[in-house]
Amino acid sequence: MTDRWLVAWGLGSVAFGGASLLVPLYIVLLGASPVQLGVLAATAAIVGAPGAIAFGRLANRVDSRRPLVLVTLIGVSASLVVIPLLSSITAVIVANAVLWLFVSSVGPVLTMLVVDDAPESRWSERIGLVNKYQGYGWAGGLVLGTVWPFVGSRLLAADAVTRTLFWVLAACAGVSAVLAARTLPRPAPSDHVTDDRAVRRIGRLLTSSGRGIKGATFVFAPNRLYWTTRGIDPRRLATRFDPALTTYFVAGLFFFTGSAAFWAPLPLFLTDVGFDSGQVFGLYLASSLGSAVCYEGAGSLSARYDLRHLQGGVLAARAVLFPSIVAITGLGVSVAFGTAGLALALVGVTWAGIAVVGTAIVTRLAPPSVRGEMLGGYVALGAVGGGLGGVLGGWVATLGYLAAFVVAGGLVSIGALLVLSLEAISPSDPVGSPSASRATESVESDAAPPDTTR
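Keep in mind the model is a prediction, meaning the values are calculated, not measured.

**Things to note about the overall build of the protein**
Okay, step 1: Counting secondary structure elements, the protein contains 19 helices and zero strands.
Okay, step 2: A total of 454 residues make up the protein; the buried ones form 59% of that total.
Okay, step 3: Summarising the internal contacts of the protein: among those between residues at least 6 apart in sequence, 87% fall at separations of at least 24.
Okay, step 4: With an accessible surface of roughly 16,700 Å², the protein has 65% of that area assigned to carbon and sulfur atoms.

**Some thoughts on the pattern of salt bridges**
Between side chains of opposite charge, pairing is possible as soon as their charged atoms come close.
Okay, step 1: In total, this model carries one salt bridge according to the counting rule given.
Okay, step 2: A salt bridge links Asp-306 to Arg-308, with the nearest nitrogen and oxygen atoms 2.6 Å apart.
Okay, step 3: Asp-306 sits in the buried class, given a relative accessible area of 9%.

**What to know about helix H2 (residues 34–59)**
Two residues of an α-helix separated by three or four positions point the same way, owing to the 3.6 residues in each turn.
Okay, step 1: Taking 1.5 Å as the rise per residue, H2 with 26 residues should run 38 Å; its terminal C-alpha atoms sit 38 Å apart, in good agreement.
Okay, step 2: Considering bend angle alone, the principal kink of H2 is centred on Gly-48 and spans about 25 degrees; proline Pro-50 follows within four residues of it.

**As for the packing of aromatic side chains**
Okay, step 1: Considering all chains together, one arrives at 19 aromatic pairs under this definition.
Okay, step 2: Aromatic pair Trp-9 and Phe-16: ring centres 5.7 Å apart, planes at 70 degrees, arrangement edge-to-face. The same class applies to Trp-9 and to Phe-16, which are both buried.
Okay, step 3: Measuring from ring centre to ring centre gives 6.4 Å for Tyr-133 and Tyr-136, while their planes differ by 70 degrees; the resulting arrangement is edge-to-face. Residue Tyr-133 and its partner Tyr-136 are both found in helix H5 (residues 123–155); the two are separated by three residues, about one turn of the helix.
Okay, step 4: An aromatic cluster is built from Phe-241, Tyr-248, Phe-249, Phe-255, Phe-256, Trp-351 and Tyr-378, whose rings are joined through pairwise contacts.

**Structural notes on H5**
Okay, step 1: Across its 33 residues, H5 extends 45 Å between first and last C-alpha, which sits within 8% of the 48 Å expected from 1.5 Å per residue.
Okay, step 2: Along H5, the sharpest kink reaches roughly 45 degrees, centred on Trp-148 and followed within four residues by the proline Pro-149.

**Quick notes on the packing of helix H4 (residues 89–116) against H5**
Okay, step 1: Across the interface, H4 lies against H5 with an axial gap of 9 Å and an inter-helix angle of 150 degrees. Relative to H5, the element H4 lies roughly antiparallel. Between H4 and H5 lies a crossing whose hand is right-handed. The segment H4 lies against H5, with Trp-100, Leu-110, Thr-111, Val-114 and Val-115 engaging Trp-123, Arg-126, Ile-127, Val-130, Gln-134 and Trp-138.
Okay, step 2: Residues that form the contact of H4 with H5 fall into these classes: eight nonpolar, two polar and one charged.

**Some details on the environment of Thr-111**
Okay, step 1: Relative to the helices and strands, Thr-111 is located in helix H4.
Okay, step 2: Counting along the chain gives 12 residues from Thr-111 to Trp-123, while the straight-line C-alpha distance between them is 9.6 Å.

**Focus: the nonpolar core**
Okay, step 1: Trp-9, Leu-80, Leu-99, Tyr-248, Phe-255, Phe-262 and Leu-266 are the most contacted members of the largest nonpolar core, which totals 122 residues.
Okay, step 2: Looking at which domains feed residues into this core, each of domain 1 (1–206 + 213–230) and domain 2 (232–426) gives three or more.
Okay, step 3: In this structure, Phe-262 is in contact with Phe-322, Ile-325, Leu-344, Phe-405 and Ala-408, ignoring residues within four places of it in sequence.

**Side note on the environment of Pro-265**
Okay, step 1: The topology assignment puts Pro-265 in the loop between helix H11 (243–263) and helix H12 (266–272).
Okay, step 2: Judged by its relative accessible area of 0%, Pro-265 falls in the buried class.
Okay, step 3: For Pro-265, the contacting residues outside a window of four places in its chain are Leu-37, Gly-393, Ala-397, Tyr-401 and Phe-405.

**Some thoughts on the confidence of the model for the protein**
Okay, step 1: Confidence along the protein averages 81 in pLDDT terms, with 81% of residues attaining 70 or more.
Okay, step 2: Looking at the elements of the protein, mean pLDDT is at its lowest for helix H19 (residues 434–439), recorded as 34, and at its highest for helix H18 (residues 401–420), recorded as 96.
Okay, step 3: Here residues 210–220 is a poorly scored stretch, pLDDT under 50, and it has 57 contacts once near neighbours within four places are set aside; other chains count.
Okay, step 4: Counting interchain partners and residues more than four positions distant, the pLDDT-below-50 stretch residues 427–454 has 111 contacts.

**Regarding the environment of Pro-67**
Okay, step 1: In this structure, Pro-67 sits in helix H3 (residues 66–82).
Okay, step 2: On the basis of relative accessibility, which here comes to 40%, the residue Pro-67 falls in the partly exposed class.
Okay, step 3: With 114 residues separating them along the chain, Pro-67 and Ala-181 place their C-alpha atoms 8.3 Å apart.

Analysis parameters
Residues numbered from 1 in each chain as written. Predicted model: local features only at pLDDT ≥ 70, side-chain atom pairs only at ≥ 80, totals over all residues. Heavy atoms only, no water. Helix = DSSP H or I, 4+ residues; strand = E, 2+ residues; numbered from the N terminus. Buried < 20%, exposed > 50% of the residue type's maximum accessible area, 1.4 Å probe, protein only. Contact = heavy atoms within 4.5 Å. Areas by Shrake-Rupley, 256 points an atom, 1.4 Å probe, with all protein chains shown as cover. Salt bridge = Lys/Arg side-chain N within 4 Å of Asp/Glu carboxyl O. Expected span 1.5 Å × (residues − 1). Bend = angle between axes of the 7 residues up to and from the residue. Phe/Tyr/Trp six-rings, centres within 6.5 Å; stacked < 30°, edge-to-face > 60°. Axes fitted to C-alpha atoms, helices over the stretch in contact; angles between N-to-C directions. Parallel < 35°, antiparallel > 145°, perpendicular 65-115°, else oblique. Left-handed = near helix turned anticlockwise from the far one by under 90°. Nonpolar A, V, L, I, M, F, W, Y, C, P; charged D, E, K, R; others polar. Core = buried A, V, L, I, M, F, W, Y, C linked by side-chain atoms within 4.5 Å. Domains from an automatic or database assignment. pLDDT = per-residue confidence, 0-100.

Set out below in structure tokens:
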């Protein structure tokens, strides 16, 4: 794997990261209602699963997988060129769904490419390195969105600043496609990884190597969903749910849905209280950084303390932070920006706890014979919550932002209470024990479309 190839993929990820917030801000400029913003978030979540699965299966049937990656990068570039030319909110929602269909589809194919021409002993290194550059690129897209209004306003007319940023991101994706065409790995068809044991190994590597800026921002990971749900038999899985595991999955549906209900109308709320697009990008970056820097610490805490209390605590904190954003933004724009940044960074910190501790809980509760399938089901649950929460948050926000954020916090609180009610994950079997450490190698779930269920 050459540096040129990693740079190419990181450049494409700049487009993904920037677009994750730029499109919501664009439909806000067009006059979108909270309901339309919720639909935008929900459709982005919904298209991810079938896109990843369809392209993953297609990649298993073709001799060369490289063209599939190039098609998706070109598709992302074309979508970003077209969206700022649209003035219909409905048309933008449809175009955004197409955009995230491309983004979601590329993950499984890329993973196949980077492991196909490498011995299994190097898979972890390769997947981790690609995730690292992808994370840097994703964060770079958020940084670009933060500084662009200041730079663009000095060079362009006010109404052209946002549209031009779309084209800058489109250029990043286009250049990425050109560089990728020259540098992507070229494994022979005979080297393709297809057997079930290898697939399960890849799924474990993906879930243990994706903690970073991108994982904190793009919560629903279609790549992870594809690999962790391959081979799931729903009928067999349904028979293995005991009361404790069922309770935790119900809790997960509540806190995933509540989180999505918060993030869906948030761009419109932040714009309405007076923040410009650069400040909104900066606030989202603060949340993403809050998650990224705390994953390791969350893992250390989960090895020492009762998982129920850890996750119940971070969920309770998140439930309080959601509606507090309304009070914070009433302090005046100059004071509120820094305070809101701190609050959203803390929201990001809570996501690190949910992601790490949550998957450890599933690992603890799931029967060993179906542990991988249960983790895949948990990832899929996050996608379902992302879709439901996006629509719910947008609809309730029509009654008022405080109402939407209170509902979001309330759903997360219900999830916290259900988690605390569990007795099967008491600290009698510490996560730090050798058996638990082996189990938690295969966990992490950060699920939903751009910035919707963190």
